[in-house]
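# Summary of structural features
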Amino acid sequence: MNIFEELKYYFQFDFVKYAIVVGILISLCCAMLGVTLVLKRYSMIGDGLSHVAFGAMSVAMVLTIADMYVMLPVTIVVAILLIRLTNQGKVKNDSAIAMLSVGALAFGYLIVNIFSTSSNISGDVCTTLFGSTSILTLNNFDLWLCIILTIFVLGYFIFFHNKIFSVTFDEGFSKATGVKTAVYNNIMAMIIGVVIVLAMKLVGSLLISALIVFPALSAIRLFKSYKSVIIFASIISVINSIIGILVAILWGTPVGSTIVIINIIAYFICWCVEVIIRETRKA
Amino acid sequence: MKRFFVICAFCGVMFLSGCGAVSVDHDLTNKKASMVYTIVTNMNSSPSAYANKSYKINGDIEGSLGYYSLIVFDDTNCCSAELALVLDNGVTCPKKKTNVTVIGEYVQIDGQYCLKVTKIS
């Protein structure tokens, strides 16, 4: 069976179509968010919050309730607290993230081992941490939840892009000109929490930072204006996710790792293109 | 005349070799283990979408005393999914933990979805 026949076979299953749709939506959100986080030097916040989400998901698993009902509110609350603590200077950004990250991961794994009723704990944990097949086991509810949350995230970035731009580049000046920076920071923290929980389905807890950081860094290599960086990061993130999902389906590789490797290759290509353009201009 | 008999013999062999082949809607024996694991996981979580279709799947047999299941692993052997089996009349189950290929239809019996196995090899 050649590649196209193989893909045609798999595309008859709903879970593959859901995976592609959700992959596109999540990578769009991550790209837009990633540009802001990279510019504000919050690149590792995704890592910390994803571990918090893992801890919350472990609690949901033990209590046998749907994980979204616990993960979403916990991650959003922690994101808001984290941003507030670092903005007030009470705790340094990297220290806060490190504390939360390891603490939540250890707590989550401990309670899953002690209290879980699952017969395959290591499999469940592996899937959640590395996103090996979680994007391929979505149901209709997951799909619609993702669509609604993505509309909320994209709507915020589209309608408030001017305010986001000013708060990202010079928060002090924005505050002085009357912009309610605390409100925008809180909304941004909520968006971060939502995107992290969604992205866990695509690449797993441990690899989320790659989905947030790499598209933004690839775009920054080639473009200088904020708008161009956002647009290019979104396009390249979507393309990388689609390629990653299709490669994983065809060759049986873990989806999360495959998407991250494709992102790394894309970053390397953008870096080479930047070098070529720079050398051409010098000549 | 000799060439005619050779061609007839060749056609006879090709015909007979196809006689044992069973046509199924989804032959998962030539798919990657991770995708088989994913499909079986989805069969368990959204069974109605997969019902009333025939499947050919490779996996390890588990169970005894009339209650059997097929265990499939992903490529890393880390994650496993279990598919409930019901053996059709005349079908006998091999020993536990044997790697087998089952052919059957995914149906609902007494409110539970399972693979009604017509052949085990």
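### Brief notes about the interface of chain A and chain B
If you look at the interface, chain A gives 20 residues, while chain B gives 17 residues. When chain A packs against chain B, close to 1600 Å² is buried across both sides, 64% of that on carbon and sulfur atoms. Between chain A and chain B we count zero salt bridges in total. Run the count over chain A and chain B and you get three residue pairs in polar contact (both at pLDDT 80 or more). For the side of chain A that touches chain B, the secondary structure elements donating two or more residues are helix H1 (3-10), helix H6 (121-130) and helix H12 (226-251) of chain A. Looking at which element gives the most residues to the side of chain A that touches chain B, the answer is H6(A), with four residues. Of the residues contributing to the side of chain A that touches chain B, the split by class is 11 nonpolar, eight polar and one charged.

### Some remarks on the packing of aromatic side chains
One pass over the full model with this rule turns up 13 aromatic pairs over all chains. Ring geometry for A:Tyr9 versus A:Phe13: centroids 5.6 Å apart, planes at 85 degrees, classification edge-to-face. Residue A:Phe13 is classed as buried on the basis of its relative accessible area of 4%. Centre to centre, the rings of A:Phe13 and A:Phe15 are 5.5 Å apart; their planes meet at 25 degrees, and the pair counts as stacked. A connected cluster of aromatic rings, assembled from ring pairs, spans A:Tyr9, A:Tyr10, A:Phe13, A:Phe15 and B:Tyr50. Here B:Lys31 stacks its cationic end above the ring of A:Tyr9, 4.4 Å away from the centre of that ring.

### Re the environment of A:Leu138
Note on placement: A:Leu138 falls in the loop between H6 and helix H7 (140-159). With 22 residues separating them along the chain, A:Leu138 and A:Phe160 place their C-alpha atoms 31 Å apart.

About the criteria used
Residues numbered from 1 in each chain as written. Chains lettered and ligands numbered in written order. Predicted model: local features only at pLDDT ≥ 70, side-chain atom pairs only at ≥ 80, totals over all residues. Heavy atoms only, no water. Contact = heavy atoms within 4.5 Å. Buried area = accessible area lost by both parts, 1.4 Å probe. Salt bridge = Lys/Arg side-chain N within 4 Å of Asp/Glu carboxyl O. Polar contact = N/O pair within 3.5 Å; in protein donor to acceptor, adjacent residues only side chain to side chain. Helix = DSSP H or I, 4+ residues; strand = E, 2+ residues; numbered from the N terminus. Nonpolar A, V, L, I, M, F, W, Y, C, P; charged D, E, K, R; others polar. Phe/Tyr/Trp six-rings, centres within 6.5 Å; stacked < 30°, edge-to-face > 60°. Buried < 20%, exposed > 50% of the residue type's maximum accessible area, 1.4 Å probe, protein only. Lys NZ or Arg CZ within 6 Å of the ring centre and 35° of its normal.

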